[in-house]
Every structure is written in structure tokens, then in C-alpha cells.
There are 2 protein chains.
Amino acid sequence: MRIGVLLSGCGVYDGSEIHEAVLTLLHLAKQDCEVEIIAPNILQAQVINHLTEDEIERENRDVLVEAARIARGDIQAVDKVDTAQLDALILPGGAGAIKNLTNYAFGEEECRINPQTKEMILTMVESKKPVGAICISPLVVAKALADTDYTPRLTVGCSADEAAQYIEKELAATHVESTVDEIVVDEELKLVSTPAYMLAESIAEVDVGIAKLVEAVIELS
Amino acid sequence: MRIGVLLSGCGVYDGSEIHEAVLTLLHLAKQDCEVEIIAPNILQAQVINHLTEDEIERENRDVLVEAARIARGDIQAVDKVDTAQLDALILPGGAGAIKNLTNYAFGEEECRINPQTKEMILTMVESKKPVGAICISPLVVAKALADTDYTPRLTVGCSADEAAQYIEKELAATHVESTVDEIVVDEELKLVSTPAYMLAESIAEVDVGIAKLVEAVIELS
């Protein structure tokens, strides 16, 4: 089984959440999956100093190059990946999902999604292959499917959360409230989601949800 | 139990190996340890593009600021940490250990170690508190103890490896050959080491060694 892992940089505030990405790779490896790590070859929207949480002005970093840190160099640009070769796709969370893959974090009037990311998610869903989405990434999946007839069932944890409200009201998806150790499965569209650091207070909690998500994604494949 | 995790940046080629760092945090959390993530507040020796493995000239990054990505911002500078408050210390691997914590990677005539790192390791050993060292980091521990009467027993995996030879011949430590799923324990000095990505071919293999290392460090505390 060959599973794509779509990253959005390297760091919770401007890229992929590192713990979520690494635990995804860990559980895929434990299940003997072949893994293809993927990221769009685009500039990061921002670079955030993770010590102070301030934006570092005038510094540019590339999503693919930074995500390569998590991948130990073994990574492909989204447009170089043949989606037909993938049995499933998983998106870890982190602000990169809503800053680089989409621009949701910036609250602009029009929420946009990276076209290659949208195409990859859409192709997976249309091919009836599972997509797993962790933390805030279900918003990316909902955005990719927003202009279709699909009504995905997803979770980002708490239904009162702004992102959950947005998913329901603006992206015409169904948000399902869940806890940190749960997954939400959309059996029809083969979507699996878990809140991870949207709710987690420790990496051990994140681990429980991601282990379940990886298992469900494999079962649906 | 309060365990320090000493990082050296964020990325296998110029900082901490991310998988090793995250799996250390995971296993400490699973064992209900309180964790203090630490890094020296110094410039990285290099910035490496992890996609191409080339050095990015004229770019400076800070070890503490980049390590904060792995720590999700919850990190302390080495000189701000009261070592007396720590029950044990663990050093994940990655080239940062031999580029930032020491300069071993650059093959200069004199191998130097960051003074704060040396002091922290030495204080732990003198206080009879355990130190765990993963991947190439046992070289840092051996270097910290090189001018003392201690003769640490450590592993970086294969005894034919250049770093293992250096540990034996130049740092007057004892290198013990080991496999990826093993740990080497120096009962007297309370040092625990495991080869991780010095030998590992997958993150699942790294996980086995680090789980054992964390367990042994806690037992020795």
C-alpha cells in the first residue's frame, strides 16, 4: 500500500505541525505502508519565529524545501506526483494548512486553495480513495470539495470553533464534534479526520488519534 | 520526573533529527514525564537546503529559534535552565549535534564543544543523573567528558564508523558496537545510547530504540 503524506512546511505556526507529521509517518511505517511525502513547490505565506510567535519580515522560505526537513530529503513536489499511484492521502495539520495550502488564516474575503492541492484531494475522492485529515487540515479537504456536490463529514474538534463554523457555513460541509482520542469517518467519501492539536494537550494524546486515523485510512483503502 | 531534552536545531542536516526528537518527546509523554526542551542560544553553523543537501550561503538561522519549531514554542535557552531541577537529560541526534553543539562535522584540527552544553552534560554526570544520547549525540557526551577521568561506554552503532573510531581514539571513551533496536547502558555513569538513524532504515526502527532508551533513562533516575 502506497500512501501520500501532504505537508505544508515545517513548524506549527507557518507550516506542518511537526509532531502530527512525524506520528503520521511513524504509524504508516508500523503498518508497513510505503510512504510518499509530498508538498507544493511554493513560497510560504509567512515565516514565524517559533520562539516569539512574531512574523520574521523580509524572510522567504519555500514550503517544499522546509517540508523536506521532516522528510529527511525524501519528498516530491505535488505536481511531480502521479496521484494514480497513491492508494490514500493524509494531510497532517499545522498553520501551513491554512496559510500555505489555503489562505483561510488571513481572513481574506475570498478563501483560496492551492490549485495542485485541490486537484490532488479531488482526484483522490473521485477515485474513491481515502483521505485522512488531521487537526485543522479537514478545512483544506472541505475547501477542495466546496464547489462539488459532495457534502463531506469532518471534524476539527469543537463545533463552536471558528474553523468548524466556517466549514459548516461557508464550505457546505458537515462538522461533527469529536474528542481528541476519536476519529470521524465519512464512510461514503472515505474521509477520516481527528482533532489532534486542535484539542490535544500532549503529544501522547495526538498519538492516540493519529494511530486510529492511519488504521482507518488503511482499512478504507 | 522532569527530563531535559537538548536540541540542536530543526532538521537532520543542520540541526536536530526531527523524528528522533519527536519520538523522544512521545515516549517521555507516554511515561508521564514532565519535559523541559532546551537548546543553546547560538547561530547555526550552517543552513542546509534539505531538498538538495546544499548549503544555503548567506542565510543565518538560530539554533534556539529553529529548535522551537519542534518544541511548539515551549523551549528554554541552555543558560536559562537550572540543571539541578532536571532528573535526567536526553540528546536526540542529527547533524546539529556535530555542527552546532560540537564542530566535529567540519573536521577541524581542534574539536570544540559549546561550553554551556558541556557544562550541562558534565553537571548531570557529576550529579549521578542519567544522560541519554541518540544517533550521533553520544559523540557530544564523550566530548563533554573527554577532559575528565570518566571513561564512558557509548554506542553510535557500528564500531568501524568514523565517529566510533573518533570516540575511541580521540575522546578516550569506549565504543560498544550495537544494532538499531538495542541500547547500550553505562551503569556506572548512567549513560544510555542507541544508534537510531546511524543505522535505521525506517522511522519504525528508530522508534524501537528510542522507546528502550527513554525507559532505561527513567529506570536509572
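Residues numbered from 1 in each chain as written. Chains lettered and ligands numbered in written order. Predicted model: local features only at pLDDT ≥ 70, side-chain atom pairs only at ≥ 80, totals over all residues. Heavy atoms only, no water.

A.B. asks: Please clarify how the packing of helix H7 (residues 203-220) of chain A against helix H1 (residues 18-30) of chain B should be interpreted in this entry.
C.D. replies: Running from N to C, H7(A) and H1(B) point in directions that differ by 100°, and their axes come no closer than 8 Å. Considered as vectors, H7(A) and H1(B) are oriented roughly perpendicular to each other. Counting all contacts with H7(A), which are made through A:Ile203, A:Ala204 and A:Asp207, the residues of H1(B) involved are B:Val22, B:Leu25, B:Leu26, B:Ala29 and B:Lys30. For the contact of H7(A) with H1(B), the residue count by class is six nonpolar, no polar and two charged. (Axes fitted to C-alpha atoms, helices over the stretch in contact; angles between N-to-C directions. Helix = DSSP H or I, 4+ residues; strand = E, 2+ residues; numbered from the N terminus. Parallel < 35°, antiparallel > 145°, perpendicular 65-115°, else oblique. Contact = heavy atoms within 4.5 Å. Nonpolar A, V, L, I, M, F, W, Y, C, P; charged D, E, K, R; others polar.)

A.B. asks: For this particular structure, what's the right way to read the packing of aromatic side chains?
C.D. replies: Geometry of an aromatic ring pair is reported as the spacing of the ring centres plus the angle between the planes. Using the criterion set out here, one finds two aromatic pairs over all chains in the structure. When the ring of A:Tyr104 is compared with that of A:Tyr166, the centres are 4.7 Å apart and the planes differ by 55°; the resulting orientation is tilted. With a gap of 62 residues between them, A:Tyr104 in the loop between helix H3 (96-101) and helix H4 (115-126) and A:Tyr166 in helix H6 (residues 162-169) connect regions that are remote in the sequence. When its relative accessible area of 13% is taken as the criterion, A:Tyr104 is described as buried. The ring of B:Tyr197 is capped by A:Arg72, whose NZ or CZ atom sits 3.4 Å from the centre of that ring. (Phe/Tyr/Trp six-rings, centres within 6.5 Å; stacked < 30°, edge-to-face > 60°. Buried < 20%, exposed > 50% of the residue type's maximum accessible area, 1.4 Å probe, protein only. Lys NZ or Arg CZ within 6 Å of the ring centre and 35° of its normal.)

A.B. asks: Please explain the interface of chain B and chain A as it appears in this structure.
C.D. replies: Reports often express the size of an interface as the amount of accessible area lost when the parts come together. Contact with chain B, which involves 34 residues of that partner, is made by 34 residues of chain A. Both faces considered, chain B and chain A share a buried interface measuring about 3000 Å² in area, 63% of it formed by carbon and sulfur atoms. Of all residues in chain B, B:Leu51, B:Arg69 and B:Arg72 give up the largest surface area on contact with chain A, accounting jointly for 27% of the area buried on that side. The tally of links between chain B and chain A comes to eight salt bridges. Linking B:Glu17 and A:Arg72 is a salt bridge whose minimum nitrogen-to-oxygen distance equals 3.0 Å. Inspection of the region where chain B meets chain A yields twelve residue pairs in polar contact (both at pLDDT 80 or more). Those elements that place two or more of their residues in the side of chain B that touches chain A are H1, helix H2 (63-70) and helix H7 (203-220) of chain B. Here the side of chain B that touches chain A gets eight residues from one element, more than from any other, and that element is H1(B). Its residues assigned to classes, the side of chain B that touches chain A shows 20 nonpolar, five polar and nine charged. (Buried area = accessible area lost by both parts, 1.4 Å probe. Salt bridge = Lys/Arg side-chain N within 4 Å of Asp/Glu carboxyl O. Polar contact = N/O pair within 3.5 Å; in protein donor to acceptor, adjacent residues only side chain to side chain.)

A.B. asks: Is there a simple way to explain the layout of surface pockets in this structure?
C.D. replies: Any empty space left between the atoms is revealed when a probe the size of a water molecule rolls over them. The space that makes up the largest pocket amounts to roughly 460 Å³. In terms of lining, the largest pocket is formed by 18 residues, of which the most central are B:Leu25, B:Val35, B:Ile37, B:Ala71 and B:Asp74. When residues of the lining of the largest pocket are traced back to their parent elements, those giving at least two are H1 and strand E2 (34-39) of chain B. A per-element tally of the lining of the largest pocket places E2(B) first, with four residues. Of the residues contributing to the lining of the largest pocket, the split by class is nine nonpolar, three polar and six charged. Estimated volume of the second largest pocket: approximately 380 Å³. As for the second largest pocket, its lining consists of 16 residues, and the residues nearest its centre are A:Asp74, B:Tyr197, B:Glu201, B:Ser202 and B:Ile203. Looking at the lining of the second largest pocket, the element that brings in the most residues is strand E2 (residues 34-39) of chain A, giving three residues. For the lining of the second largest pocket, a count of residues per class yields nine nonpolar, two polar and five charged. (1 Å grid on protein atoms, 1.4 Å probe; cavity = no way out; pocket = protein on both sides within 12 Å on 5 of 7 lines; lining within 4 Å. Points joined across faces, edges and corners; volume = space filled by probe spheres on them.)

A.B. asks: Explain the pattern of salt bridges to me, please; I cannot follow it from the model alone.
C.D. replies: Between side chains of opposite charge, pairing is possible as soon as their charged atoms come close. This structure, assessed with the given rule, holds 20 salt bridges over all chains. Across the pair B:Lys30 and A:Asp207 runs a salt bridge, and its minimum N-O distance is 3.6 Å. Linking B:Lys30 in helix H1 with A:Asp207 in helix H7, this pair reaches from one chain into another. With relative accessibility at 43%, the residue B:Lys30 sits in the partly exposed group. Here the salt bridges do not stand alone but share partners, grouping A:Asp14, A:Glu59, A:Arg61, B:Glu66 and B:Arg69 into one network.

A.B. asks: What is the right way to read the pairing of E2(A) from this model?
C.D. replies: Where a strand is regular, its side chains alternate between the two sheet faces. All names here are of chain A. When strand E1 (residues 2-6) meets E2, the two strands line up parallel, connected through five bridges. Bridge pairing links Arg2 to Glu34 in E2. Crossover handedness for the path E1 to helix H1 (residues 18-30) to E2: right-handed. With two bridges joining them, E2 and strand E3 (residues 76-77) adopt parallel strand pairing. Paired with Ile38 across the two strands is Gln76, which belongs to E3. One crossover worth recording links E2 to the parallel E3 by way of helix H2 (residues 63-70), and it is right-handed. (Pairing = 2+ DSSP bridges. Right-handed = clockwise from strand over helix to strand, strands pointing away.)

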